[in-house]
Every structure is written in C-alpha cells, then in structure tokens.
Amino acid sequence: AGGSFLIKKVGQISIKIFNEDLSNSKHWLFNCGGEQTLKSYTCKDEYYKQYDFIKTLPLYLEYKDYKTTDNRYLVVSHSAVGKVWDKRDSKDKDDIEEFENHLLYSRYKNSNNKEIFNVFGHTIFSTPVLNEYSAAINLGCYHEKDESKLPSPRLCALEFPSMKIFTQENIEGV
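Treat the numbers as computed from the prediction; the structure is a model and nothing was measured. (Residues numbered from 1 in each chain as written. Predicted model: local features only at pLDDT ≥ 70, side-chain atom pairs only at ≥ 80, totals over all residues. Heavy atoms only, no water.)

S.K.: Hey, could you go over helix H4 (residues 44-54) for me, with residue numbers and the actual values?
M.R.: Along an α-helix, residues three or four positions apart point the same way, because every turn accommodates 3.6 residues. Along H4, the positions that sit buried rather than exposed are Tyr47, Tyr51 and Ile54. For H4, the angular spread of buried residues about the axis comes to 55°, placing them on one side. What points out from H4, more than 90 degrees from its buried face, is the exposed set Asp45, Lys49 and Phe53. (Buried < 20%, exposed > 50% of the residue type's maximum accessible area, 1.4 Å probe, protein only. Helix = DSSP H or I, 4+ residues; strand = E, 2+ residues; numbered from the N terminus. Arc of directions from axis to C-beta.)

Structure, rendered in structure tokens:
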C-alpha cells in the first residue's frame, strides 16, 4: 500500500509537467526521479490512463480492527499524518488542501494523535523510528549505498501490532 501513496504523489506533480507548467516542479523533475518517470512512458495516452487510476488511490488507509495494546488503530500513509489528522473529514477547501499536502510532502512533522498508530515512509532514516504512536519505516531501499550519507539502504516492514521490524537489503540493484 505504501507504494500507492508514492505513485499518487508522483502522478499529481507530473501531470503539471505534461501540461507544461514547470514553475513548481523543477526539484521533483531533476532531483526526485521525475525525469526518469516521465521518460518511462512511451506515450501521453498511457500516462493519462495511469494518472486517472492514480487519482482514485487514497491518501491513507485506516485499519480500525487492528489495534495496539493501548487501543490505537492502524493508519498507513505516505508521509506522517501529523497535526492535520483532525482535518481529514473537513469540508473546508483550505483544510482539505493542507491535509492533502501534509500527507504527500511533509517531513519530520509527526504528532501524537491519541486514537491512531501511524505507519509512514517518505523521509529516509538509517534505522526505523518507532515510538508509542508511530513508525517511520523508509530506509531508502531504492538508493545506492553511500557510506557518508546512507550506509545501509534497505526495505523495511512493520508487523502490526507486534511491532516486529523486518528489513531486507536491495538484491536487485538500483
């Protein structure tokens, strides 16, 4: 499910590139794999077909039947839900935009939302960051090994609610 959130993020930004609006997309295009993503499409029709599908994907998934010992239910999202969780059902346009942007792009803005346990990625850490209300599990699997920046990129999974962590080095190369 985590990949779905990343794909949704890529799709939302790259649609602007096909429409030639590059004003806010240079970082994504040249530093975050956007150029490679766009080059992977053989035609705009295929891109738009996939983009239409991506738009149907959720920003987060709630699993209310899966709970921690202190009764928090599981929420999986691309980025941490942070302090905007209470805006998820808002009808206000500004609240909706803030909520969506936070779940797609926010970094280091985790928050203790009493009723949920949030598992997320987006920000790369060298080891999983696990506390009583969240787990940040992006260990940079797709990155090349770089002793000075990311010495051990790998895939990470969290077994819930046992909180057991599983990791696997990238065996396919980058």
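S.K.: Give a detailed account of unusual backbone geometry, specifying residues and quantitative values.
M.R.: Omega for the peptide link from phenylalanine 160 to proline 161 comes to 10°, which places this bond in the cis form. Following the sequence through the fold, proline 161 ends up in the loop between strand E6 (154-159) and strand E7 (164-169). Even without being glycine, asparagine 71 reaches a positive phi, approximately 75°. Tracing the chain through its elements places asparagine 71 in the loop between strand E1 (60-67) and strand E2 (73-77).

S.K.: Any details on the confidence of the model for the protein? Residues and values, ideally.
M.R.: For residues with low pLDDT, the predicted coordinates do not support detailed interpretation. Across the protein, the average pLDDT comes to 81, with 80% of residues at 70 or higher. Across residues 1-23, confidence stays below pLDDT 50; counting only partners more than four residues off in sequence or on other chains, it has 50 contacts. (pLDDT = per-residue confidence, 0-100. Contact = heavy atoms within 4.5 Å.)

S.K.: Explain the packing of aromatic side chains to me, and be specific about the residues and the numbers.
M.R.: In total, this model carries 7 aromatic pairs according to the counting rule given. Taking the centre distance of 6.0 Å and the plane angle of 15° together, the rings of tyrosine 47 and tyrosine 51 count as stacked. Note that tyrosine 47 and tyrosine 51 are positioned in helix H4 at a spacing of 4 residues, about one turn of the helix. There is no split in this pair, since tyrosine 47 and tyrosine 51 are both buried. Consider the rings of tyrosine 63 and tyrosine 66, whose centres lie 6.2 Å apart with planes at 75°: the pair is edge-to-face. We classify tyrosine 63 as partly exposed; its relative accessible area is 30%. Through successive ring pairs, a cluster of aromatic residues spans Tyr41, Tyr47, Tyr48 and Tyr51. (Phe/Tyr/Trp six-rings, centres within 6.5 Å; stacked < 30°, edge-to-face > 60°.)

S.K.: I'd like a description of the nonpolar core, backed by residues and values.
M.R.: Core analysis: the largest hydrophobic core is formed by 11 residues, namely Leu59, Tyr60, Tyr73, Val75, Val81, Val84, Trp85, Phe99, Leu103, Leu104 and Ile116. When contributions to this core are tallied by element, the ones reaching two or more residues are E2 and helix H5 (93-105). Here this core gets 3 residues from one element, more than from any other, and that element is H5. The residues touching leucine 103, leaving out its near neighbours within four places in the chain, are Leu59, Tyr60, Ser77, His78, Ser79, Ala80, Val81 and Val84. In this structure, Phe117, Ala135, Cys156 and Phe160 belong to the second largest nonpolar core, which totals 10 residues. (Core = buried A, V, L, I, M, F, W, Y, C linked by side-chain atoms within 4.5 Å.)

S.K.: Just give me the short version of the pairing of E6, but keep the residues and values in it.
M.R.: Here E6 shows a clear split, with Arg154, Cys156 and Leu158 buried on one side and none of Leu155, Ala157 and Glu159 buried on the other. In the sheet, E6 pairs with E7 via 6 bridges, with the strands oriented antiparallel. Paired with arginine 154 across the bridge in E7 is glutamate 169. In textbook terms, the turn of a hairpin is the stretch between consecutive antiparallel strands, and for E6 and E7 this stretch comprises 4 residues, one of which, methionine 163, has a positive phi near 70°. (Pairing = 2+ DSSP bridges.)

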